[in-house]
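Chain and residue survey
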Amino acid sequence: MQRDLQPIFEDSGRERGSTITIESVVEKVVEYWPLLLFFVGFSLIGAYLYLRYSTPVYFIQSKIYVRDNSKGGMGDGQMLQELGVHTGGSTVDNEIEIFKSRNLMKRVVDELDLNIRYLIKGRVKSTELYKRGPFIVTPLYNEHAIKTSYGYRVLLTGNKFSVCDGSLVHNGKYGDTIKLSVGAVILSKNLLAKPELDKDGEYFFAISPIEALAKEYANSLIIEPVNKLVSILRISINDAVPERGEDIVNTLIDVYIKANVDDRNRVVNGTIEFVDDRLSEVKRELAGVEKDIELFKSENHFTSIEDQSKMLVGNTNDNAKQLLQSEVKLKIVESLASYLKNEKNYNRVVPSSFFVEDITLNNLINTYNQIQGQKEALLLTNTEHSPYVQNIDQRLANSRNDILANLSSMRNTLKVSVNELEKNSSSYNARISQVPAKERIFLEYSRQQNIIEQLYLFLLKKREETAISKSATVASARVIDPAEAEDVPVAPNSQKIFLIAFALGLAIPSGYLFLRDLFNVKIRSKKDVAKLTSMSVIGEIGRNHSDAAVAIKRDSRTQLSEQFRALRTNLQFLLTNGEEKTILITSSMSGEGKSFIAMNLASSLALLNKKVVLLELDLRKPKISVHFGIDNRIGLSNYAIGKADLHDIVKPSGIFDGLYIIPSGAIPPNPAELIMLPRVQELIEDLKKEFDYIVLDTAPIGLVTDAQLLNRYADVSLYVVREGYTHRQQVQTSHELYGSGKMNRMSIVLNDVKITRGNGYGYGAYGNGYFDNGLETEPKQTRLKKIINKL
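The structure displayed is predicted, hence computed values, not measured ones.

1. Some thoughts on the overall build of the protein chain
If you tally the helices and strands in the protein chain, you get 25 helices and 21 strands. Counting only contacts in the protein chain whose residues sit at least 6 apart along the sequence, the fraction spanning at least 24 positions is 77%. Entry remark: accessible area of the protein chain is about 42100 Å², with carbon and sulfur atoms responsible for 52%.

2. Here we look at unusual backbone geometry
Note the cis peptide between A491 and P492, where omega equals -5°. Positionally, P492 belongs in the loop between β13 (477-485) and α14 (494-518). You will see that K131, though not glycine, has its phi angle at about 60°, which is positive. By the secondary structure assignment, K131 is in the loop between β3 (126-128) and β4 (135-139). For N609, which is not glycine, the phi torsion reads 60° and is therefore positive.

3. As for the pattern of salt bridges
In the structure shown here, the tally under the stated rule is 19 salt bridges. The salt bridge involving E211 is made with K106; its shortest N-O contact spans 3.2 Å. Of the two residues, E211 sits in helix α7 (residues 210-220) while K106 sits in helix α6 (residues 102-112), which places them 105 residues apart along the sequence. The exposure class assigned to E211 is partly exposed, which follows from its relative accessible area of 38%.

4. A closer look at the packing of helix α16 (residues 559-574) against helix α17 (residues 594-606)
When two helices pack together, their arrangement is given by the angle between the helix axes and the distance between those axes. Remark: α16 packs on α17, axes separated minimally by 9 Å, with the N-to-C direction vectors making an angle of 75°. Classified by the angle between their axes, α16 and α17 sit roughly perpendicular to one another. Only F596, I597, N600, L601, S604 and L605 of α17 make contact with α16, whose side of the interface consists of L560, F564, R565, L567, R568, L571 and Q572. Residue composition of the contact of α16 with α17, grouped by class: eight nonpolar, three polar and two charged.

5. What to know about a negative patch on the surface
A cluster of acidic residues, D110, E111, D113 and D254, forms a negative patch at the surface. In this fold, E111 is placed in helix α6.

6. Quick word on helix α22 (residues 678-690)
Owing to its 3.6 residues per turn, the α-helix aligns residues three or four sequence positions apart on the same side. The end-to-end C-alpha distance of α22, which contains 13 residues, comes to 19 Å, matching closely the 18 Å that a straight helix rising 1.5 Å per residue would cover. What α22 keeps buried is the set V680, L683, I684 and L687. For α22, the angular spread of the buried residues around the axis is 95°, confining them to a single face. Exposed residues pointing more than 90 degrees away from the buried face of α22 are listed as P678 and K689. Summarising the contacts, the buried residues of α22 are in contact with β16 (612-616), α19 (636-640), α20 (646-649), β18 (659-662), α21 (671-675) and β19 (693-697).

7. Considering the pairing of β16
With respect to burial, β16 is a largely interior element, five of its five residues being buried. Of the two faces of β16, the one lined by V612, L614 and E616 and the one lined by V613 and L615 are each fully buried. Strand direction decides the pairing type here: β16 and β18, joined by four bridges, are parallel. Its bridge partner lying in β18, L615 is registered against I662. Of the strand pairs in this sheet, β16 and β19 are connected by five bridges, and their pairing is parallel. Bridge pairing in β19 places V613 opposite I694.

8. Focus on the packing of helix α3 (residues 33-53) against α14
Two elements in contact, α3 and α14, have axes separated by 8 Å at closest approach and are oriented at 150°. The orientation of α3 with respect to α14, classified from their angle, is roughly antiparallel. Taken as a pair, α3 and α14 cross one another with a handedness that is right-handed. Of the residues in α14, those touching α3 at L35, L36, F39, V40, S43, L44, A47, Y48, Y50 and L51 are S494, I497, F498, A501, F502, L504, G505, L506, I508, P509 and S510. Of the residues that constitute the contact of α3 with α14, the class distribution is 17 nonpolar, four polar and no charged.

9. Considering the environment of D657
By the secondary structure assignment, D657 is in the loop between β17 (651-652) and β18. The spatial distance from the C-alpha of D657 to the C-alpha of K610 is 9.3 Å, given a sequence separation of 47 residues.

10. Looking at the pairing of strand β2 (residues 116-121)
Residues in a regular strand point their side chains to alternate faces of the sheet. Here β2 runs beside strand β10 (residues 201-207); their pairing, made up of five bridges, is antiparallel. Following the sheet pairing, R117 is matched in β10 by A206. What sits between the antiparallel neighbours β2 and β3 is a turn of four residues.

11. Some remarks on the packing of aromatic side chains
Going through the model one piece at a time under the given rule, you end up with 10 aromatic pairs. For the ring pair F38 and F42, a centre distance of 6.3 Å and an interplane angle of 20° mean the geometry is stacked. Pair noted here: F38 and F42 are both in helix α3, with a separation of four residues, about one helical turn. The exposure class of F42 is exposed, given its relative accessible area of 57%. Among the aromatic residues, those joined into a ring-pair cluster are Y118, F135, Y152, Y203 and F205. Seen from the ring of Y53, R52 lies directly overhead, with NZ or CZ sitting 4.9 Å from the centre. The cationic tip of R722 hangs over the ring face of Y725; the distance from NZ or CZ to the ring centre is 5.2 Å.

12. Regarding the sheet that holds strand β6 (residues 160-165)
Ordered by their spatial adjacency, six strands build an open sheet running β3-β2-β10-β5-β6-β7, and the pairing between neighbours is antiparallel. Edge positions in the sheet fall to β3 and β7 (168-173), since each has one partner strand and no second. The average undirected angle you get between the axes of adjacent strands in this sheet is 30°. Taken together, the seven bridges between strand β5 (residues 150-157) and β10 define a ladder with antiparallel strand orientation. Bridge pairing links Y152 to F205 in β10.

13. With respect to the sheet that holds β4
Strands sit in the order β4-β9-β8 across an open sheet of three strands; the sheet is antiparallel. The outermost strands of the open sheet, each flanked by one partner alone, are β4 and β8 (177-179). Neighbouring strand axes in the sheet, compared pairwise and without regard to direction, differ in orientation by 30° on average. Where β8 meets strand β9 (residues 184-189), three bridges bridge the pair, whose relative direction is antiparallel. When the bridges of β9 are listed, T177 appears paired with I186.

14. Structural notes on the nonpolar core
Formed by 41 residues in total, the largest nonpolar core has its most connected members in L615, I662, L683 and L687. Residues contacting L683, with those up to four places away along its chain left out, are L615, L636, Y639, L646, I649 and I662. Counting 36 residues, the second-largest nonpolar core is a separate cluster that includes A551, A606, L607 and V720.

15. Quick look at the confidence of the model for the protein chain
For the protein chain, per-residue confidence averages 78 on the pLDDT scale, and residues scoring 70 or more make up 81% of the total. Confidence drops under a pLDDT of 50 for residues 1-17, and excluding neighbours within four residues, the segment shows 23 contacts in the predicted structure.

16. Quick word on the side chain of N711
Position of N711 among the secondary structure elements: in the loop between α23 (706-710) and β20 (716-722). Classification of N711 as buried rests on a relative accessible area of 7%. At a separation of 2.9 Å, a polar atom in the side chain of N711 contacts the main-chain amide nitrogen of N744. Those residues within four positions of N711 in sequence are excluded, and the remaining contacts are L584, S717, K742, M743 and N744.

Calculation notes
- Residues numbered from 1 in each chain as written.
- Predicted model: local features only at pLDDT ≥ 70, side-chain atom pairs only at ≥ 80, totals over all residues.
- Heavy atoms only, no water.
- Helix = DSSP H or I, 4+ residues; strand = E, 2+ residues; numbered from the N terminus.
- Contact = heavy atoms within 4.5 Å.
- Areas by Shrake-Rupley, 256 points an atom, 1.4 Å probe, with all protein chains shown as cover.
- Salt bridge = Lys/Arg side-chain N within 4 Å of Asp/Glu carboxyl O.
- Buried < 20%, exposed > 50% of the residue type's maximum accessible area, 1.4 Å probe, protein only.
- Axes fitted to C-alpha atoms, helices over the stretch in contact; angles between N-to-C directions.
- Parallel < 35°, antiparallel > 145°, perpendicular 65-115°, else oblique.
- Nonpolar A, V, L, I, M, F, W, Y, C, P; charged D, E, K, R; others polar.
- Patch = residues over 30% accessible without salt bridge, like charges linked within 9 Å, V, L, I, M, F, W, Y side chains within 5 Å.
- Lys, Arg positive; Asp, Glu negative; His and termini not counted.
- Charge placed at Lys NZ, Arg CZ, Asp CG, Glu CD.
- Expected span 1.5 Å × (residues − 1).
- Arc of directions from axis to C-beta.
- Pairing = 2+ DSSP bridges.
- Left-handed = near helix turned anticlockwise from the far one by under 90°.
- Phe/Tyr/Trp six-rings, centres within 6.5 Å; stacked < 30°, edge-to-face > 60°.
- Lys NZ or Arg CZ within 6 Å of the ring centre and 35° of its normal.
- Core = buried A, V, L, I, M, F, W, Y, C linked by side-chain atoms within 4.5 Å.
- pLDDT = per-residue confidence, 0-100.
- Polar contact = N/O pair within 3.5 Å; in protein donor to acceptor, adjacent residues only side chain to side chain.

And the structure:
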């Protein structure tokens, strides 16, 4: 038989893996449902409170169309360029960066007064009042100089107010100027306040630095193309106040469009400024010549000239017209060259459209102005010392040198033309000198007037053309959808919050249970025993809630009584032979309930009208005699050394007629040697003749060898394992004893079992001391107390 047990020991003695199955999960849920319910309920309540008092955040978005020259197409810009109006270029990526610039956002914050926030205090949280509060704060200080935040409490009473500034209190009425720590401000009544908010009470207002606030809003902006195929941008922001979010986005677009138009008009404004300066000078010269002619005619009573002189004047005028054009171009070239060489104009655009016929120069000027525009765009997000800006400056210098070189070449060409025309003029002048002196003087005046008039008309024409191009300038962006907030807040997401709370409510206790099982070193259930050993569990004993050590009574129908009856019945299948009547009970260590099992098992056997004797063989820590109230001065130790007879040590239990106790006697110095004495064997043999059952309560086998020494007398060995107390390693040690055959017919009794619903013995549902179907009931607990105990 021993050989038959060996394969079983080798196969099932190893600890099996803790595979998670649906069945095990369901069992855990059934066992710990109050704990799971508590945490889930607590998490859901926490989620509700969070949603109840958190500030909702709304999603605001707008769509705008940005003209992107890289995508081609026959747009307005191309048509304007064909008409001679240069609109400049743009790309979506550039415009996105401009939108995100802090410079634009500072203008938005400044325009909407976002740096001043108004709040009203509630029972739990404060609510922001955007354009709806009962009063308005108007700063009289430099708002851009503020570098830190300030907060103030305001108490309103009718038209009067009290502003708390730290320990100082400023009293006044609407319209008064008060000097706060931030600077002087005026508190005035808000005529647009909502009626339900326009009432007396406690309010707050906070003043923040514009620079920091602009950076915060710029970082919170989300600007992205709708898709890669179009140049439509989606501008969005999340804000707790939807009206404010809409104003921020709409104002940002307005500021961007205005800045875009101003940028596109820089060249036009520069050209107009240049032309206006030249017109003023030419106008003065023309007025001077006309006055000289008027004075000449008045003094000389001059009315007309001869036909020959008219013809001569006509020829002279044709030559003079060509000379005029060359001289005008030469002056403009020299003016532009002087303009470019002046360091004050290095950061300004160069006037264009003067030399339509000179494509090379026009292209150079347009390139220079475009680079100048790129520099201004970079300065929105970079400093003057940035490598990008310095690179642009180098490009501007190179482009400026190219323009100057082209102007120098054009100047030389024009001078040659002017010299040639002047030679022709000299020829005509020689012929004119032959006419009378007065006519010659008048002819000279007329020629000067004609030259200056042509220059003046040329400048007027160019100014008109430039003004027309300015009126035709349009922004490179167009609003498709103005900013609008979603009706439902995007945060907090109630469904997501409740789902997370529910998941946390399950995860926290589940994680605790999983980690507890993962790092568990003690036996917690019958399944743990099954994983560690192939020994059968012959009985499961619940916790004894009474003070009496012997929980078995003759007519008792309690849960504990039924469990010991089940253990007694299972023993009948092991003690099949009438000669087999010795039951040895041991455990791994003290405190596992070995003596409790021995006393109650012996009592249960006695209830069958059998004669049972219980031997207190734990000679080091005897407990049985104490619980039965038996004198322990004379006992087994005295009998073993021959100082007492059998009738001296066998004593009635005093509880059941058929139950007798043999106490341990005086505690010997050598219990193991005492057990090996021949008189102990004689005692067991004598007891077998007189009693139906012999129960041996031995010392823990995990600490001493007493139980192994007594095993030769035992027909059945019961190894007591206590839930939540016995270590897993100790069960593995007992399995080694079982496999090695050192203990006879070894089985396990699981003590202090926590019985859960559905884990009964055929009596229906029971647990925590509750029985039904006619069985005796122990004192019931309230449902709340049950749940608390379960937790």
